[in-house]
Structure formats: C-alpha cells, structure tokens
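Examination of the molecular architecture
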Amino acid sequence: MKKISSFGLGVALALGTAGGAAIVAAPAIAKEKAPTYKLTKEVQAALAEAQKLQQAGDLNGAAVKANEGVAAAKSGDDKFVAGQIMYGVAQARKDQAGLEQGTRLMLDSGKAPADLKRQLMQNLAVFAVQKKDYPGALKQFQALNTAYPNDPDITVSLAEMYQANKMTPQAVQTLQQAIDAKKATGQPVPESWYQRMLAVAYDAKRADLAVPASMSLISAYPSASNWRDSLIIFRDSARLDEQANLDLMRLMRAAGALKGESDYYEYANLAYLKGFPGEAQAVINEGIAARQLNPGKPTFAELSRLSSAKVAADKASLPKLSTQAKAGANGKLALATGDAYLGYGEYAKAAELYQVALAKGGIDANTANTRLGIAQGRAGNKAAADAALAKVTGEPRASLAKYWQAWLGKGA
C-alpha cells in the first residue's frame, strides 16, 4: 500500500502554523504588541546593549550581552524579556541552541501571553524532533496535548511521537482520538490520517490493530485503492485458507478493488480449481474488459479455454443437484450447489441453498453464513445479509464477515 513516512504527518504538522506565525527550521517568535515588563537594572542594561550591538551588526557581541542578561535574570519579567532578546539574536546568528534556550526561557518565565504560550510549546517540540530526541519530543507533545486537548492536529503529532518511540498501540489509539476530535468539529477528517493509522498498525504486524484501522479507513473513504490496501493487509496478517481467500477476492471484485493481472489471475485460477468455472470465466472476461489481462498470454488463454469448456455442462447440472441437495441427509451438497449458483451470479438461488445447508447441518456454519450473507447482499437484501454475516464467529472468518458488512453499509 502507499504509505506515509514515519514522520510525514507529525513533523509536517509540528512545522506548520501556530498562533498565526509560521514555524520553520528556525521558528519565528511573534512580537508583543504592548509589552509591560519591569526589569532589574542589570538585566535592562545588558539587554539594551545586546539590542544595540545586534542593530549595528555585531551579532557575536550581541550574543555575549544577551547571555549576560540571561545570567542576571531573576524575576519572571527578566527571564521573559531576556528570552526574547536571546531568541532574536540567535535567529540572526542562525544559532539553533540559542533559539531553543530563548524559547525555553520565555516559556519557563511564566510571563508568556496565552496566545504565545502555545507557539513556544510547539517550538520546543520541533526542536526535539529536529535533534531526533524522540523521547523529549514525546514529552513536549504530551504537554501540548494536555494543554490543548481539543486540537486534532496536535493529537496527530503526538501519535507520531508515540510511533517514533515504538509505542504502536498508543500511536494507533491516539490517531483514532485525533480522528474522533476532528469529526466532533464537523470538519472532514483527512484521508491521510486513516491511512497513517493503518500503516502504523500494519508495519508493527499488529493484526488486532490493523483490522479496525482498515475498517475506519474504508468506512470513511471507500475508494477501490483503500479497499484493496485494507483487504490485502488483512489477508497478509490473517493467513487465510483457500476458501476464505476466495471469499475475500469476491469482496475485492465487488468493491472494484481487483488490480493488475496478478489479482485477476489469482482469483480466476482459484475459482476454477475449486470447481467454479463460470466464476473463473467471468473474472477473466472482466479482467480483459478492464485491460488488466492480456488475452493473448498463454497462461490466461489456457485458463479461459479450460473454464469456458466446462461452463455449459456445469450450469446445466445445477437444477438436478439443487433438487438432490434439498432431499439430502446433510447440507454438504446444498452448500456446494449454493457455491456454484453464487459463482454464476444467481444470488437468490444460492441464498436458498445456503439456508438449506444450514438447516440440515453437517457443514461449516461459518462458511455457509458468510456466503449466505454474500448472496443476500449481492441480491440486494442487505438486512438479511447483515444478519447472516453477524452470525459468523471465529477468526479469520469473523473479521472477513465484518469487511463484507462494511461493504454492505456503504450502499453497495
């Protein structure tokens, strides 16, 4: 799947805007409109000299005087103004350490106005990220999130810091909190937030986190590419058997998520090997129509020849098999015949036989309920489909059933 880099979101947000002032590699500090600070004489004299030297172009001399003012600062007013002057000089000198020290002085002084305090906190978080001090950055973003709990962008940055510190569950949980907070504002949630949450869970090989994350993604942004990413991630982590994989590929087909000759061939070949030539041929034809398969390639041409040769006789046998299945001692023939009808797109007949199979027993109920839900959903009976899928238990089929329910919930 297309993934966002580990810090693509978090740092972009941290280096974004705060308090209306852009924060870049050397974050700018907004000037106070009407400062009213009372300074001790020693501090005032040193800082005044620092400003004069800076204006004259003597940046090294200005730094010396700014440091003198900082060293002499005792009161909150002293520290805040000394921090401002130090920051200004450091910015002119491109002195990262001085920028950080000035920022910290202003913040720790207790005199920073409310509209500046947030920017100062964000600056400290940015400095930590720039130094790759991820534990320190985590602390800074935790403090920011505590101070501004309703800001989804800060919450996303906090999630990135959890991930940088290899705290995957916290990262996923915090990204979900950011999504919920954004929803609460009535604003659209960026698709990248959902994709990042899924990427974090997948990279950590946490299927227990990846499945709900992918559900969130496809519920909010049910594009074909998101469906494909979500289902492939699920398949990779769930180790599906061939029957479950067939039902997953049926969902990929329903969601328009098959892509490339590998997807189409895998699906068609699996359907053919499991005894569904009609389904195999339909998938091949769709792949050719979508220009995803080259009918001239020997592999595809041979599979098409084999499956098409069996369609007529296979389809003609179904009415008799259906009658036998309904009279059978168990549900095995009913399940198999229902599968065949499902492959031909005769969903009402398939659903009827799955119900017979479940009533007679002797079959895997989870497989039957999955396919009953598929058939009913494809036939347009979504309420019944949802009820059937809700009966599926045990992994990985229970999660697979939830994906089908998610597809049904999107008006498929």
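One can find the structure itself at the top, above this paragraph.
It should be emphasised that the depicted structure is a prediction, and the values quoted were computed from it without experimental measurement. (Residues numbered from 1 in each chain as written. Predicted model: local features only at pLDDT ≥ 70, side-chain atom pairs only at ≥ 80, totals over all residues. Heavy atoms only, no water.)

**What about the overall build of the chain?**
Helix and strand content of the chain: 21 helices and 2 strands. Its C-alpha radius of gyration of 31 Å places the chain more than 25% over the 22 Å reference for a compact globule of 412 residues. Referenced to the eigenvectors of the C-alpha coordinate spread, the extents of the chain come out at roughly 105 × 45 × 30 Å. Each of the 412 residues in the chain was classed as buried or not, and the buried ones make up 48%. Counting contacts in the chain only where the partners sit at least 6 residues apart, residues at least 24 apart contribute 59% of the total. The chain carries 49 positive and 37 negative side-chain charges, and their two centres are separated by 2 Å. (Helix = DSSP H or I, 4+ residues; strand = E, 2+ residues; numbered from the N terminus. Rg over C-alpha atoms; globule rule 2.2 N^0.38 Å. Buried < 20%, exposed > 50% of the residue type's maximum accessible area, 1.4 Å probe, protein only. Contact = heavy atoms within 4.5 Å. Lys, Arg positive; Asp, Glu negative; His and termini not counted. Charge placed at Lys NZ, Arg CZ, Asp CG, Glu CD.)

**Quick look at the packing of helix α17 (residues 332–343) against helix α19 (residues 365–378)**
In contact at an axis separation of 11 Å, α17 and α19 are set at 30° when each is read in the N-to-C sense. Here α17 is positioned roughly parallel relative to α19, judged by the angle of their axes. Crossing hand, α17 versus α19: left-handed. Residue-level contacts link Leu335, Asp339 and Leu342 of α17 to Ala368, Arg371, Ile374 and Ala375 of α19. Grouping the amino acids of the contact of α17 with α19 by side-chain chemistry returns 5 nonpolar, no polar and 2 charged. (Axes fitted to C-alpha atoms, helices over the stretch in contact; angles between N-to-C directions. Parallel < 35°, antiparallel > 145°, perpendicular 65-115°, else oblique. Left-handed = near helix turned anticlockwise from the far one by under 90°. Nonpolar A, V, L, I, M, F, W, Y, C, P; charged D, E, K, R; others polar.)

**Concerning the pattern of salt bridges**
In this structure the tally under the stated criterion is 21 salt bridges. Between arginine 93 and aspartate 95 there is a salt bridge, with the nearest N and O atoms lying 3.6 Å from each other. Accessibility expressed as a relative area gives 34% for arginine 93, which makes it partly exposed. With a closest N to O distance of 2.6 Å, glutamate 286 and arginine 253 form a salt bridge. Of this pair, glutamate 286 sits in helix α15 (residues 277–289) while arginine 253 sits in helix α13 (residues 242–254), and the two are 33 residues apart along the sequence. Taking relative accessible area as the criterion, glutamate 286 reaches 33% and is therefore assigned partly exposed. Take arginine 253: its relative accessible area is 23%, and that puts it in the partly exposed class. (Salt bridge = Lys/Arg side-chain N within 4 Å of Asp/Glu carboxyl O.)

**Digging into the packing of helix α2 (residues 41–55) against helix α4 (residues 76–93)**
With their axes 11 Å apart at the nearest point, α2 and α4 run at an angle of 20° to one another. Here α2 lies roughly parallel to α4, going by the angle between them. Judged by the twist between their axes, the crossing of α2 over α4 is left-handed. Counting all contacts with α2, which are made through Val43, Leu47, Ala50, Gln51 and Gln54, the residues of α4 involved are Asp78, Val81, Ala82, Ile85, Gly88, Val89 and Ala92.

**Some words on the side chain of serine 109**
In this structure, serine 109 sits in the loop between α5 (96–108) and α6 (114–130). Residue classification places serine 109 among the buried residues on the basis of a relative accessible area of 11%. There is a polar contact of 2.7 Å between the side chain of serine 109 and the backbone oxygen of methionine 106. Each residue touching serine 109, except ones within four places of it in the same chain, is listed here: Gly76, Lys79 and Phe80. (Polar contact = N/O pair within 3.5 Å; in protein donor to acceptor, adjacent residues only side chain to side chain.)

**Section: the nonpolar core**
If you look at soluble globular proteins, the nonpolar side chains tend to sit buried side by side. Trp227, Leu248, Tyr403, Trp404 and Trp407 are the most contacted members of the largest nonpolar core, which totals 62 residues. With residues up to four places along the chain from it excluded, the contact list for leucine 248 reads Leu231, Phe234, Arg235, Leu240 and Leu400. One finds Met86, Leu107, Leu124 and Met161 within the second-largest nonpolar core, a separate group that totals 58 residues. (Core = buried A, V, L, I, M, F, W, Y, C linked by side-chain atoms within 4.5 Å.)

**A short note on α6**
With 17 residues, α6 extends 25 Å from end C-alpha to end C-alpha; this agrees with the ideal 24 Å at 1.5 Å per step. Extensive coverage of α6 is indicated by the burial of 12 of its 17 residues. For α6, the full list of buried residues reads Leu116, Gln119, Leu120, Met121, Gln122, Asn123, Leu124, Ala125, Val126, Phe127, Ala128 and Val129. (Expected span 1.5 Å × (residues − 1).)

**Looking at unusual backbone geometry**
Look at the link from glutamate 395 to proline 396: it is a cis peptide, with omega at 10°. Locating proline 396 in the fold gives a position in the loop between α20 (382–390) and α21 (397–409). You will see that lysine 132, though not glycine, has its phi angle at about 60°, which is positive. Judged by its relative accessible area of 60%, lysine 132 falls in the exposed class. Located in the positive-phi region is lysine 205, a residue other than glycine, with phi close to 55°. Mapping lysine 205 onto the fold places it in the loop between α10 (191–203) and α11 (207–220). According to the relative accessible area criterion, lysine 205 is exposed, its value standing at 75%.

That's the geometry; what it means functionally is another story.
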